[in-house]
Amino acid sequence: MNERAGLDRRQFLKVAGGMVAVVGGLAWAGRVLEPLPASAVPGAPDLYLGGTDGWMYLPPTPAIPPFHPDLLAPSLLTTYIFGFRNLTGMDDTQKANQKNRAQHSAPMFWVNQFDPAHPVDFTVKVTNLGLALRPDLFDAHTLHWHGFRNVIPFFDGEPSGSVAVPSGREFSYVYRPREPGTYMYHCHVEDTEHVHMGMTGLVFVRPLQDGNTSHYPSGRYLYNDGDGSTGYDREFAMFLSEVWAEAHWADAHIQLPEWSDYRADFSLLNGRVYPDTIAPNGSVDAFNPVHDAGGDLVPVPGFEHLKYQPHSSLVTCNAGERVALRFSNLGFREQAMTVAGIRLRVVGRDATLMRGRDGTDTSYETDTLNIGPGESYDVVFTAPAHQGTGDYDTYMLYNRNYTRSNNLAPGGFGGAATEIRVYASGVTAQAYPNDWGL
Ligand SMILES: [Cu+2]
């Protein structure tokens, strides 16, 4: 990373695109257009993602014949997906082994806001491992950081305006995130299909104000608020996605889904449905990934069916703590997420602090977030006092559309639903976002 700290945007263009530098010394342009020698070669990326296909688990009953469960699925799994895997730190053999081992949702990651005083760029290298079940498709993949406002087209990931990564190749995306907040990312090749098949996940940017304890004791914030109003003690990210069983089956069986017939069967939270949403985290610390000797994900004992769905959605906290929830939605329908018994304060939308041009506080309290496709919300709540006789009080966080909180499975909640557990005490500091601290 640091060896590229001095490069500017134009150098990246020269390095990555082989573009010819413009003639220097243009008085009107100032220093920004002065050509500089392109000497740096990208070293190890901050993150290394691989795009491929694979299989995930959704409750096999009630069945949706012939689409769900898919008869081609390996043991314990039900649903064909495309997706990303975190290959950071793997050797070439381990990376290659991850073909047909995609996960859903894609690895959640986070970056620090670009600091002009200490300029360090963030790089994500993306490789395309190919589709094991559909070698006929030979689709490229890209990384599109949705809503990212400072990207130059070259690193945007929209394939007709930049570059895409064919099977067997790799490409480094370079970012200078200047706008803190919650975003999402996805592959932008055949994007209706690749997004829906699972090549999508959550990304967020930590503000420069982080570490300053004068506004809030933890020194952790959602935004550069200047007053601690977005300060929090714990953070949990919630990524909303959907599965239309017929489309997933069609990709596995060399059929062509008709996307205008879109009809999602499953609403998901962090790639799982309740009660799997409250099962433990697998390897979700993007910068300390855990894998077995071959590079494969390691399932949590007792939850082997969730091997390729590592992200838990359980919220754990101590009474009185401030908890940040980051939501983003890359399903194709608006979702209404609600919490019974806890007020949510919306402090950010679409990676923008809720504050007017003149500084007016435009944050608001609600119990329901209406989140459209491609939108993100940042909310903070204060955990209520512990009231019950058990170790923790449970509050439901769920999609208030009944058909999406249970996915039309009998027996109550089965869809985009999770729990907030408020303990009297004893929940320890988080090691990474969505860490339970238990
Ligand atoms: Cu793709």
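My aim in this report is to walk through the structure given alongside it, one point at a time.

Thresholds, definitions, all that
- Residues numbered from 1 in each chain as written.
- Predicted model: local features only at pLDDT ≥ 70, side-chain atom pairs only at ≥ 80, totals over all residues.
- Heavy atoms only, no water.
- Helix = DSSP H or I, 4+ residues; strand = E, 2+ residues; numbered from the N terminus.
- Rg over C-alpha atoms; globule rule 2.2 N^0.38 Å.
- Buried < 20%, exposed > 50% of the residue type's maximum accessible area, 1.4 Å probe, protein only.
- Contact = heavy atoms within 4.5 Å.
- Areas by Shrake-Rupley, 256 points an atom, 1.4 Å probe, with all protein chains shown as cover.
- Lys, Arg positive; Asp, Glu negative; His and termini not counted.
- Charge placed at Lys NZ, Arg CZ, Asp CG, Glu CD.
- Pairing = 2+ DSSP bridges.
- Axes fitted to C-alpha atoms, helices over the stretch in contact; angles between N-to-C directions.
- Salt bridge = Lys/Arg side-chain N within 4 Å of Asp/Glu carboxyl O.
- Polar contact = N/O pair within 3.5 Å; in protein donor to acceptor, adjacent residues only side chain to side chain.
- Donors = N, O, S within 2.8 Å, 3.2 Å for Na, K, Ca; no water.
- Core = buried A, V, L, I, M, F, W, Y, C linked by side-chain atoms within 4.5 Å.

Focus on the overall build of the protein
Helix and strand counts for the protein stand at 5 helices and 20 strands. Relative to its length of 438 residues, the protein is compact, with a C-alpha radius of gyration of 22 Å against a globular reference of 22 Å. Each principal axis of the C-alpha atoms in the protein carries an extent, and together these give about 70 × 55 × 45 Å. Counting every position in the protein, which comprises 438 residues, the buried fraction comes to 56%. A sequence separation of at least 24 residues applies to 73% of the contacts in the protein between residues at least 6 apart. On the protein, roughly 17,800 Å² of surface is accessible, and the fraction owed to carbon and sulfur atoms is 53%. Across the protein, the mean location of the 32 positive side-chain charges is 4 Å away from that of the 48 negative side-chain charges.

Some points on the sheet that holds strand β6 (residues 170–175)
Pairing within the open sheet is mixed, and its 4 strands lie in the order β2-β1-β4-β6. Two strands in the sheet have a free side with no partner beyond their single neighbour: β2 (79–86) and β6. Neighbour to neighbour, the strand axes of the sheet diverge by 25 degrees on average, direction disregarded. Sheet strands touched by helix α4 (residues 245–252): β1 (47–56) and β2. Its angle to β2, the strand with the most contacts, is close to 80 degrees.

Re the pattern of salt bridges
Inspection of every chain in the model, using the stated rule, returns 19 salt bridges. A salt bridge links Lys307 to Asp296; the nearest nitrogen and oxygen atoms lie 2.8 Å apart. Of this pair, Lys307 sits in the loop between β10 (266–269) and β11 (315–318) while Asp296 sits in the loop between β10 and β11, and the two are 11 residues apart along the sequence. Overall, Asp296 belongs to the buried group, its relative accessible area being 5%. We note a salt bridge from Glu419 to Arg421, for which the minimum N-O separation is 3.1 Å. On the basis of relative accessible area, Glu419 is assigned to the buried category, the value being 8%. Classification of Arg421 by relative accessible area gives buried; the value is 15%. If you follow the salt bridges from partner to partner, you end up with Arg206, Arg220, Glu235, Arg326 and Asp378 in one network.

A word on the side chain of Arg206
Summarising the element assignment, Arg206 is placed in strand β8 (residues 200–206). Looking at Arg206, its side chain comes within polar contact range of the side chain of Glu235, at 2.6 Å.

So, the coordination of the copper ion
For the copper ion, every protein donor is listed as His141 (ND1), Cys187 (SG) and His194 (ND1), and the spread of their distances is 2.0 to 2.1 Å. In primary sequence terms, the donor set of the copper ion follows H-x45-C-x6-H. Residue classification places Cys187 among the buried residues on the basis of a relative accessible area of 0%.

Side note on the nonpolar core
A general trend in soluble globular proteins is that nonpolar side chains are found buried together. With 52 residues, the main nonpolar core has Phe109 and Val124 as its most contacted residues. Those elements giving two or more residues to this core turn out to be β1, β2, β3 (109–112), β4 (122–130), β6, β7 (181–186), β8 and β9 (234–243). Those residues in contact with Val124, other than ones at most four positions away along the chain, are Leu47, Leu49, Phe109, Leu143, Phe171, Ser172, Tyr173 and Tyr175. Counting 25 residues, the second largest nonpolar core, distinct from the first, contains Phe236, Val346, Leu369 and Tyr377.

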